[in-house]
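# Fold and geometry: a report
Listed below are the residues making up each chain.
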Amino acid sequence: MHIPALLQFLKELDENNNRPWFLHNKPHYDILREEFVALVGQVGAKVAKFDKELGPFEPKKAVFRIYRDVRFAKDKSPFKNHIGAVLGARTTDKTRPVYYFHVDCRGQLLMACGVYMPEALAIKKIRDYIVAEPAKFAKLLKNKSLNDTFGGLIEQDRMVRPPKGYAADLPHIDHIKNRHFLCETSINLYKKVPKDLPEMIAQHFEAAKPLVMWLRQAVM
């Protein structure tokens, strides 16, 4: 994957987010996308070695489309300013935890694992699992690899009050208030591109495996 070329393209796309510019530069994008698909395949092969439940996946289908859905958006920019992919059951079961990464126009490589905005039934299962198995959740929160690599679970969009049906004095009530059960981190590719990028991404995902496994148990 030629990262400098990808970063330059995404930067220019962000500055020229319109259909004529993209149409003119689409041959370049097609080459970069194929390189990114190959990167996804390399990462997926490494993840499959330590996560036997990942299941088969097609790198091309794992990569998100560059086109934005602007039907209900205030921002009518037609294209995303990042390119990303998800390893997991995105197309068949949106309640299942996944491994996700993307590269954006600012040069940030974001790596995130878990469940983002789970559906109502899934988030209830997760919360109920915390209540039923508080010791297991406490062990997860103390996991060294998860904390050293990601700093624990994100608190973004956390509810102010406990969700309906959950007492305020329950163990782990702050995490029961979470709307997402996700860990994430990022690195700046403008500063340094890792020598073995697929390996580095896979190592981050392996550090998040305890969260992914815990979530699979929660939503099964």
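Once that is clear, we can look at the sheet that holds strand β2 (residues 98-104). The strand order across the open sheet formed by 4 strands is β1-β2-β3-β4, and the pairing between neighbours is antiparallel. Across the chains shown, the open sheet's two edge strands, defined by having one partner strand only, are β1 (82-87) and β4 (181-188). Going from strand to strand, the sheet's axes swing by 15° on average, the running direction of each strand aside. Strand direction decides the pairing type here: strand β3 (residues 108-115) and β4, joined by 8 bridges, are antiparallel. Looking across to β4, one finds that Leu109 is bridged to Ile187. Each of β2, β3 and β4 is contacted by helix α8 (residues 197-207), which is oriented at about 35° to β3, the strand it contacts most.

A separate point is the nonpolar core. Within the largest apolar cluster, 63 residues are counted, with the highest numbers of intra-cluster contacts made by Phe36, Phe101 and Phe205. Of all the elements, helix α2 (residues 19-50) adds the most residues to this core, at 11 residues. Apart from residues no more than four positions distant in its own chain, Phe205 is found in contact with Val43, Val47, Phe50, Tyr99, Tyr100, Phe101, Met111, Ala112 and Cys113.

This next bit is on the pattern of salt bridges. Scanning the model with the defined rule gives 12 salt bridges in all. For the salt bridge of Asp69 with Arg71, the shortest nitrogen-to-oxygen distance reads 2.7 Å. Among the charged side chains, a salt-bridge network with shared partners connects Asp51, Glu53 and Arg216.

For the rest of this paragraph, the subject is the packing of helix α4 (residues 120-132) against helix α9 (residues 209-219). Here α4 crosses α9 at 105°, and the two axes come no closer than 8 Å. It follows from the interaxial angle that α4 and α9 lie roughly perpendicular. Within the contact between the two elements, α4 uses Ala122, Lys125, Ile126, Tyr129 and Ile130 and α9 uses Trp214, Leu215, Gln217, Ala218 and Val219. Residue composition of the contact of α4 with α9, grouped by class: 8 nonpolar, 1 polar and 1 charged.

Each pair of aromatic rings is reported with the distance of its centres and the angle of its planes. Considering all chains together, one arrives at 13 aromatic pairs under this definition. When the centroid spacing of 5.5 Å and the interplanar angle of 45° are considered together, the rings of Phe36 and Phe101 count as tilted. Separated by 65 residues along the polypeptide, Phe36 in helix α2 and Phe101 in strand β2 bring together distant segments of the chain. Both residues of the pair, Phe36 and Phe101, belong to the buried class. With a centroid separation of 6.3 Å and an interplanar angle of 50°, the aromatic rings of Phe101 and Phe205 are classed as tilted. With a gap of 104 residues between them, Phe101 in strand β2 and Phe205 in helix α8 connect regions that are remote in the sequence. We note that Phe101, like Phe205, is buried.

On to the pairing of β2. Summarising burial for β2: 7 of the 7 residues are buried, a large majority. Along β2, one buried face is formed by Val98, Tyr100, His102 and Asp104 and the opposite face, lined by Tyr99, Phe101 and Val103, is buried too. As paired strands, β1 and β2 are joined by 6 bridges and run antiparallel to one another. Looking at β2, one finds that His82 is bridged to Asp104. Judged from the 6 bridges that link them, β2 and β3 form a sheet pairing that is antiparallel. When the sheet's bridge partners are listed, Val98 is paired in β3 with Gly114. Following β2, the chain reverses through 3 residues before pairing antiparallel with β3; Gly107 in that reversal takes a positive phi of roughly 85°.

Calculation notes
- Residues numbered from 1 in each chain as written.
- Predicted model: local features only at pLDDT ≥ 70, side-chain atom pairs only at ≥ 80, totals over all residues.
- Heavy atoms only, no water.
- Pairing = 2+ DSSP bridges.
- Helix = DSSP H or I, 4+ residues; strand = E, 2+ residues; numbered from the N terminus.
- Axes fitted to C-alpha atoms, helices over the stretch in contact; angles between N-to-C directions.
- Contact = heavy atoms within 4.5 Å.
- Core = buried A, V, L, I, M, F, W, Y, C linked by side-chain atoms within 4.5 Å.
- Buried < 20%, exposed > 50% of the residue type's maximum accessible area, 1.4 Å probe, protein only.
- Salt bridge = Lys/Arg side-chain N within 4 Å of Asp/Glu carboxyl O.
- Parallel < 35°, antiparallel > 145°, perpendicular 65-115°, else oblique.
- Nonpolar A, V, L, I, M, F, W, Y, C, P; charged D, E, K, R; others polar.
- Phe/Tyr/Trp six-rings, centres within 6.5 Å; stacked < 30°, edge-to-face > 60°.

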